[in-house]
Amino acid sequence: MALLIGALTLATPARAQRAPDVPAWLAVHVGEGEGQIAPLVLARAQALYRRKVAEGAVRNPCYFAMDATRPNTAEDGGPGRRFYVICEAARTFQAISAGHGAGRRLDGLADFANGRECARNFGNAQDSELTAGGAYVTAEIKDSFKGYYRAAGGGDVPLVRSFVQFEGEGDTANARPRAIGGHAALTLKGLCRRRDPRNPHADADGYVLQGTLVDYTGGRSNGCTSWSPTDAAALMAAVKDAPTTLYLYPEAADIAAVAHGDAGAYWNAACLRAIGSPAYWPQGALAPLIAQYRRDHPPPPPRPLPLCGAQ
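Residues numbered from 1 in each chain as written. Predicted model: local features only at pLDDT ≥ 70, side-chain atom pairs only at ≥ 80, totals over all residues. Heavy atoms only, no water.

A.B. asks: Help me understand the pattern of salt bridges, please; the structure alone is not making it clear to me.
C.D. replies: Evaluated as defined, the whole model comprises 18 salt bridges. The residue E140 makes a salt bridge to R176 at a minimum N-O spacing of 2.8 Å. Here R176 lies in the loop between β8 (156-168) and β9 (181-184) and E140 lies in strand β7 (residues 134-150), a separation of 36 residues in the sequence. For R150, the salt bridge is made with D156, and the minimal N-O distance between the two is 2.8 Å. Judged by its relative accessible area of 30%, D156 falls in the partly exposed class. Members of the salt-bridge network, linked through shared partners, are R51, K52, E55 and E169. (Salt bridge = Lys/Arg side-chain N within 4 Å of Asp/Glu carboxyl O. Helix = DSSP H or I, 4+ residues; strand = E, 2+ residues; numbered from the N terminus. Buried < 20%, exposed > 50% of the residue type's maximum accessible area, 1.4 Å probe, protein only.)

Written out as structure tokens, the structure reads:
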């Protein structure tokens with residue numbers, strides 16, 4: 001069975017594949033219940049991991065998978081657990097929450113926006129803010145200073161967010177130019193400029209960014225995979241200097257199979273009822289529409305952010 005799994009083609013529709021032969025400790029985590037991984041998603045994640053190990057591209061003992069057809073909210077009201085960390089040598093399995101791409105609405109041209117609960121639209125176009133399913137390998141980690149926020153107990157705290165770049169292949173090959181990767185679901189809203197000329201993060205005029213910290217765990221992203229701050233820290237530590245694979249479901253062929261009503265094609269039942277039918281927006285079809293929208297709606301001239309408080 002191991003040879004069969006290794007020979008699976010990632011672009012094959014879901015209906016053409018079968019569940020992998022998994023050991024008992026892992027089999028209890030396989031299924032379509034809360035916190036479980038669908039057999040198809042596990043089979044493809046295993047196939048990708050084993051191929052990359054054989055190629056020498058990966059040496060991490062664990063690998064990742066995500067099922068973006070599942071709801072963003074669990075039955076108990078908490079974040080839906082649809083991102084998986086599987087360590088077969090250690091016999092451990094973990095299911096955590098992860099956000100999907102928000103997409104966009106281009107007035108008069110196209111609407112490929114996604115709701116918070118279930119993703120309907122997927123694609124790989126630049127600036128689409130859509131999730132693209134397929135094969136990825138984790139790459140370098142970068143830290144970015146976003147600004148300061150006021151802590152609950154007082155005092156200004158810097159937000160430095162780590163980002164792990166994904167490298168893709170096939171439909172996901174443009175992950176790097178799209179800046180697709182994983183990071184904590186943290187951002188700063190309501191930014192202003194605070195005078196602090198001695199701060200190492202100050203700009204040429206002596207100002208630093210100040211904002212309100214927003215934790216959007218379980219929300220939508222700009223196409224990246226977003227995790228809770230705690231989970232993000234653990235995942236960053238796990239892949240630092242030790243790349244691994246991420247298989248993200250669904251791919252374009254799976255979306256076509258479900259949209260055409262092919263027997264046996266897999267999609268989470270609750271989300272399929274909610275969205276009606278999924279759609280895939282490839283780069284070649286969507287890029288011209290995004291470019292047209294940009295020409296029709298040029299951005300306003302840049303203006304400096306307001307000063308904080310009474311500065």
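A.B. asks: Would you mind showing me how to read the state of the cysteines here?
C.D. replies: Every disulfide links exactly two cysteines, by a covalent bond between their sulfur atoms. Overall, the coordinates contain three disulfides when judged by the stated rule. Between the sulfur of C62 and that of C87 lies a disulfide, 2.0 Å long from S to S. Residues C62 and C87 are joined through a disulfide that is right-handed, its torsion about the S-S bond being 105°. A residue pair is termed long-range when its members are at least 10 positions apart, and C62 in the loop between α3 (39-55) and β1 (63-67) and C87 in strand β2 (residues 81-87) qualify at 25 residues. As far as burial versus exposure is concerned, C62 and C87 are alike and both buried. (Disulfide = S-S within 2.5 Å.)

A.B. asks: Please clarify how the packing of aromatic side chains should be interpreted in this entry.
C.D. replies: When we look at a pair of aromatic rings, we describe it by the centre distance and by the angle of the planes. In this structure the tally under the stated criterion is nine aromatic pairs. Among the aromatic residues, those joined into a ring-pair cluster are F64, F83 and W227. The ring of Y148 carries the charged tip of R194 above its face, separated from the ring centre by 5.1 Å. The ring of Y207 carries R195 above its face, with NZ or CZ at 5.3 Å from the centroid. (Phe/Tyr/Trp six-rings, centres within 6.5 Å; stacked < 30°, edge-to-face > 60°. Lys NZ or Arg CZ within 6 Å of the ring centre and 35° of its normal.)

A.B. asks: How should I be thinking about the side chain of R193 in this particular structure?
C.D. replies: On the secondary structure map, R193 appears in strand β10 (residues 186-195). Salt bridges are absent for the buried R193, whose nearest opposite-charge side chain, D205, sits at 5.1 Å. A distance of 2.8 Å separates a polar side-chain atom of R193 from the backbone oxygen of L305. (Lys, Arg positive; Asp, Glu negative; His and termini not counted. Polar contact = N/O pair within 3.5 Å; in protein donor to acceptor, adjacent residues only side chain to side chain.)

A.B. asks: Could you clarify how one ought to interpret the nonpolar core in this entry?
C.D. replies: Across soluble globular proteins, nonpolar side chains show a tendency to be buried alongside one another. In terms of nonpolar packing, the biggest core is built from 37 residues, with F83, Y136 and W227 touching the most fellow members. Among the nonpolar cores identified, the runner-up in size contains 24 residues, and V22, V41, A65 and I86 belong to it. (Core = buried A, V, L, I, M, F, W, Y, C linked by side-chain atoms within 4.5 Å.)

A.B. asks: When you look at unusual backbone geometry in this model, what are you seeing that I'm missing?
C.D. replies: Generally, phi is negative for residues other than glycine and the peptide bonds are trans, each holding for most cases. Of note, the bond from Y249 into P250 is cis; its omega dihedral lies within 30 degrees of zero at 15°. Tracing the backbone shows P250 in the loop between β13 (245-249) and α5 (252-259). Non-glycine residue D241 carries a positive phi angle of around 65°. Among the secondary structure elements, D241 is positioned in the loop between α4 (229-239) and β13.

A.B. asks: Could you clarify how one ought to interpret the environment of A184 in this entry?
C.D. replies: On the secondary structure map, A184 appears in strand β9. Since its relative accessible area comes to 9%, A184 is described here as buried. Separated by 57 residues in sequence, A184 and D241 place their C-alpha atoms 19 Å apart. Discounting residues that sit within four places of it in the chain, A184 has contacts with R161, S162, Y216, W227, P229 and A232. (Contact = heavy atoms within 4.5 Å.)

A.B. asks: Explanation requested: the environment of S162 in the structure shown.
C.D. replies: Tracing the chain through its elements places S162 in strand β8. Each C-alpha atom, one on S162 and one on G182, is 8.5 Å from the other, the two residues being 20 residues apart in sequence. Among residues more than four places away in sequence, those in contact with S162 are I141, K142, D143, G182, H183, A184 and M236. There is a polar contact of 2.5 Å between the side chain of S162 and the side chain of D143.

A.B. asks: Help me understand the layout of surface pockets, please; the structure alone is not making it clear to me.
C.D. replies: Over the atoms rolls a probe the size of a water molecule, and in doing so it shows where empty space is left. Considered as a void within the structure, the largest pocket measures approximately 270 Å³ in volume. Forming the walls of the largest pocket are 15 residues, and the residues nearest its centre are R178, A179, I180, N222 and C224. Mapped by element, the contributors of at least two residues to the lining of the largest pocket are β7 and β8. Here the lining of the largest pocket is composed, by residue class, of four nonpolar, five polar and six charged. Estimates place the volume of the second largest pocket at around 220 Å³. Lining the second largest pocket are 13 residues, and of these R161, T187, K189, Y216 and N222 lie nearest its centre. Counted by class, the lining of the second largest pocket contains five nonpolar, four polar and four charged residues. (1 Å grid on protein atoms, 1.4 Å probe; cavity = no way out; pocket = protein on both sides within 12 Å on 5 of 7 lines; lining within 4 Å. Points joined across faces, edges and corners; volume = space filled by probe spheres on them. Nonpolar A, V, L, I, M, F, W, Y, C, P; charged D, E, K, R; others polar.)

Structural measurements only, silent on function.
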